[in-house]
Amino acid sequence: MSRDRTLPILAAAGVALLAAAPLAPQWLVFLLAIALAKGLVVLGLVLLMRTGLVSFGQGLYFGLGAYAAALLAHRAGLTDAALMIAAGTVCAAAVAAILGLLLARYREIFFAMLSLAFSMILYGLLVKSSALGSTDGFNLHAKSFAGIALAAGSERRVFYAVAVLLVFCVAWLLHRYLASHWGRLSAAIRDNELRVEYLGASVYRVVYLNYVAAGALAGMGGALAALAVGHVDPETAYWTTSGEFVFIAILGGTGNVMAPFLSAAIFEGLRTVANQYAPNVWQMSLGLAMLAIIMFLPGGLWTLLRRRSAA
Amino acid sequence: MSVILVAEGLYKSFGAVSAANNINLSFERDTVASLIGANGAGKTTFLNMVTGYLKPDHGSIRCDGRELTLHSPREITGFGICRSFQIPQLFQSLSVRENLLVAEGIAAPMRVEETTDAVLERFGLAQYAARPAGLLPEGVRKLLDVALALVAKPRVLLLDEPTSGVAADEKFGIMDLVMGAVRGAGVTVLFVEHDMDIVSHYAARVVAFYDGRVIADGAPAQVLDDAEVQRYVIGEAPHEAA
């Protein structure tokens, strides 16, 4: 049996990313912060995919997390980044806890379409509500982190470092979870729900818990992305944003908790380059990349790394 | 010996087809009974009603006095009634070991590893431990399916054709392993079977179904000699009196 090296690799990657925080150029810090924030959303999606479910509506929780963080600053005058991240996570988890009661009863296309429908309801509300900034959204600005004032110009690097630390903790916890009985149970549900029920476990309960966890992770990612960008708008809840998360999940695969972050970084890097040099063929190149992944690497890019380490 | 499982006045129809027509049966604790009958006679329907997969149109099923027809399969498993399936219900992408770990984790989360190793050994599955369940030979799949059902230490074990699709020379081996695992544990075993050699060798009691009815019930020799059983179940004409 091969030794599990996820934790040391995760720790080494975390240290390297943290060390890069004061040295990397601003554009790279921004790109990586966005990739880490989106990777968190995709990590939640991977948790659902391990249970056999694909959500085309994670934009709902991404948007909720972003808006909860922004509204806290905008309406309540609370400009502490730690509070904003916590608000985004808790708000998204609370809504997931309510919607999950219904969604955990559905499977396959019905689950995917219902989750999409809920995200589009939020999108519609955001677009129509002038109190929430309508189509323009609004800006947000954090002035401190956990009570410590942020020096002008250092915010992006601080948010990036926070994102690295959060990702490390969440990825480690989720790795432990997936290796535990509950993680195995999720895979068992994907394979055979009938047998799980006949062994005495509640499929509904496991799906519900995974759904709420995925919602909370998406909310955390949304709040982090909002802090990094400094702006929120309804696009965060739009279906193309949800589709992007599914794309990143398939690109990376579900084989390891590090896969979503790797694929999110590749995705954001490719997008940045393509927007600059080939803006008109960017989406076509995405389609071709998806085709190639599905045909040649159905387990995602992570299978390449696994093959290399197995060789 | 006290009665553990009682079915009274069970009826179940699928459109015009009657799969259970006034079934009245009771089973005593720590006994082994076989349910026989041609395809469509109502054996699996009976198991499905006991385990909550199907709700009877009328009638009641009680285990230790507790009504089962009001409960889901999961709750019924919690009452100590477990089953295996005619087509083994496994977690195809998980290894044999992981299949058992899932079952052990549900049944007894505190001592998973040690009991999983013991089950692998007891059922002769240790050599297949790392192999995905979807790649197992049929006989091993059957064994794993039964092992999963036994992990929760049931009081009533229902086996739906545990040896179907298995090579003739493996059938007794599988049944020996299963019966060895439940021996002395006070488990009531009901198994559906088409092989009469298996039935007469392992069952202390045989219940014969035909057209949704019980046409014979008793000791194996008596039931297998019954004229109706010979005609409708075994498919042989009864011996004419000399």
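Rules behind the numbers
- Residues numbered from 1 in each chain as written.
- Chains lettered and ligands numbered in written order.
- Predicted model: local features only at pLDDT ≥ 70, side-chain atom pairs only at ≥ 80, totals over all residues.
- Helix = DSSP H or I, 4+ residues; strand = E, 2+ residues; numbered from the N terminus.
- Rg over C-alpha atoms; globule rule 2.2 N^0.38 Å.
- Buried ≥ 20, exposed ≤ 12 C-beta atoms within 10 Å, placed from the backbone.
- Contact = placed C-beta atoms within 7 Å.
- Nonpolar A, V, L, I, M, F, W, Y, C, P; charged D, E, K, R; others polar.
- Expected span 1.5 Å × (residues − 1).
- Arc of directions from axis to C-beta.
- Pairing = 2+ DSSP bridges.
- Axes fitted to C-alpha atoms, helices over the stretch in contact; angles between N-to-C directions.
- Parallel < 35°, antiparallel > 145°, perpendicular 65-115°, else oblique.
- Left-handed = near helix turned anticlockwise from the far one by under 90°.

Novice: Which parts of the structure should I look at to understand the overall build of chain A?
Specialist: Of regular secondary structure, chain A possesses 13 helices and four strands. Its C-alpha atoms give chain A a radius of gyration of 19 Å, within 12% of the compact-globule value 19 Å for 311 residues. With 311 residues in all, chain A has 48% of them scored as buried. Restricting the contact set of chain A to residue pairs at least 6 apart, pairs at least 24 apart contribute 81%.

Novice: Please explain the overall build of chain B as it appears in this structure.
Specialist: When helices and strands are counted, chain B shows nine helices and 10 strands. Relative to a compact globule of 242 residues, whose C-alpha radius of gyration would be 18 Å, chain B shows 18 Å and is just as compact. Dimensions of chain B, computed from C-alpha atoms along their principal axes, come out at roughly 60 × 40 × 40 Å. Relative to its full complement of 242 residues, chain B shows a buried share of 45%. A sequence separation of at least 24 residues applies to 64% of the contacts in chain B between residues at least 6 apart.

Novice: Would you explain the interface of chain B and chain A in this entry?
Specialist: Frequently, the measure chosen for interface size is the accessible area that the parts lose on association. Counting from both sides, the interface comprises 22 residues of chain B and, opposite them, 15 residues of chain A. Secondary structure elements with two or more residues in the side of chain B that touches chain A: α2 (73-78) and α3 (96-107) of chain B. Per-element tally for the side of chain B that touches chain A: the top contributor is α3 of chain B, with seven residues. Considering only residue class, the side of chain B that touches chain A consists of 13 nonpolar, six polar and three charged.

Novice: Which parts of the structure should I look at to understand helix α6 (residues 168-182) of chain B?
Specialist: Residues that lie three or four places apart on an α-helix share one face, since the helix turns once every 3.6 residues. All names here are of chain B. Between its terminal C-alpha atoms α6 stretches 23 Å, which fits the 21 Å expected from 15 residues at 1.5 Å a residue. Among the residues making up α6, those that are buried are Lys171, Ile174, Met175 and Val178. In an axial view of α6, the angular spread of the buried residues amounts to 95 degrees, which keeps them on one side of the axis. Facing away from the buried side of α6 by over 90 degrees, the exposed positions are Asp169, Asp176 and Gly180. Close packing links the buried residues of α6 with α5 (138-151) and α7 (196-202). Directly beyond the C-terminal end of α6, a positive phi value near 80 degrees is found at glycine 184.

Novice: What should I look at first to understand the sheet that holds strand β1 (residues 3-14) of chain B in this one?
Specialist: Pairing between the strands of a sheet comes from backbone hydrogen bonds, and it takes one of two forms, parallel or antiparallel. Residues and elements named next belong to chain B. The strand order across the open sheet formed by four strands is β2-β1-β4-β5, and the pairing between neighbours is antiparallel. The sheet is open, and its two borders are formed by β2 (17-28) and β5 (66-67), each paired with just one other strand. Note that strand β4 (residues 58-63) and β5 share two bridges and pair antiparallel. Bridge pairing links cysteine 63 to arginine 66 in β5. Relative to the sheet, helix α1 (residues 43-50) contacts β1, β2 and β4, its axis offset from that of β2 by approximately 65 degrees.

Novice: Can you walk me through unusual backbone geometry in this structure?
Specialist: Residue and element names in this part refer to chain B. Positive phi, normally seen in glycine, also occurs at asparagine 22, with a value near 60 degrees. Inspection of the secondary structure assignment puts asparagine 22 in strand β2. The class of asparagine 22 is partly exposed, set by 14 C-beta atoms lying within 10 Å. Positive phi, normally seen in glycine, also occurs at aspartate 64, with a value near 50 degrees. Counting through the fold element by element, aspartate 64 comes out in the loop between β4 and β5. Taking the C-beta count within 10 Å as the criterion, aspartate 64 has 14 such neighbours and is therefore assigned partly exposed.

Novice: Looking at this structure, how should I read the packing of helix α4 (residues 81-103) of chain A against helix α9 (residues 203-229) of chain A?
Specialist: A packed helix pair is summarised by two numbers, namely the angle formed by the two axes and the spacing between the axes. All names here are of chain A. The N-to-C vectors of α4 and α9 enclose an angle of 150 degrees; their axes lie 7 Å apart at closest approach. The pairing of α4 with α9 is recorded here as roughly antiparallel in orientation. The interaxial crossing formed by α4 with α9 has right-handed handedness. For the contact of α4 with α9, the residue count by class is 19 nonpolar, six polar and no charged.

Novice: Just to check I follow, could you spell out helix α5 (residues 108-128) of chain A for this structure?
Specialist: Residues and elements named next belong to chain A. The end-to-end C-alpha distance of α5, which contains 21 residues, comes to 31 Å, matching closely the 30 Å that a straight helix rising 1.5 Å per residue would cover. The complete set of buried residues in α5 reads Phe111, Ser115, Phe118, Ser119, Leu122, Tyr123 and Leu126. Taken end-on, α5 shows its buried residues confined to a sector of 140 degrees, consistent with a single buried face. More than 90 degrees from the buried face of α5, the exposed residues found are Ile109, Phe110, Met113, Gly124 and Lys128.

Novice: Looking at this structure, how should I read the sheet that holds strand β6 (residues 81-83) of chain B?
Specialist: All names here are of chain B. In spatial order, the strands read β6-β7-β8-β3-β9-β10; together these six strands make up an open sheet with mixed pairing. The strands lining the two open edges of the sheet, one partner per strand, are β6 and β10 (213-218). This sheet shows a mean twist of 20 degrees between the axes of neighbouring strands, independent of strand direction. Summarising the sheet, strand β3 (residues 32-37) and strand β9 (residues 205-210) pair through five bridges and their orientation is parallel. Its bridge partner being in β9, isoleucine 36 is matched across the sheet by alanine 208. Where α1 meets the sheet, it contacts β3, β6, β7 (156-160), β8 (188-192) and β9, and its direction lies at approximately 145 degrees from that of β7.

Novice: Sorry, what's going on with the pairing of β2 of chain B here?
Specialist: Each regular strand displays side chains that alternate between the two surfaces of the sheet. All names here are of chain B. Where β1 and β2 come together, nine bridges link them in antiparallel fashion. What sits directly across from alanine 7, in β2, is leucine 25. Hairpin connection of β1 to β2: two residues between the antiparallel strands, including glycine 15 at a positive phi of 65 degrees.

Novice: How do you make sense of the packing of α5 of chain B against α6 of chain B when you look at a structure like this?
Specialist: Residue and element names in this part refer to chain B. Contact geometry for α5 and α6: axes closest at 11 Å, N-to-C directions at 15 degrees. Judged on the interaxial angle alone, α6 and α5 are roughly parallel. Between α5 and α6 lies a crossing of right-handed hand. Contacts between α5 and α6 involve Gly139, Lys142, Leu143, Val146 and Leu150 from the first element and Glu170, Ile174, Leu177, Val178 and Ala181 from the second.

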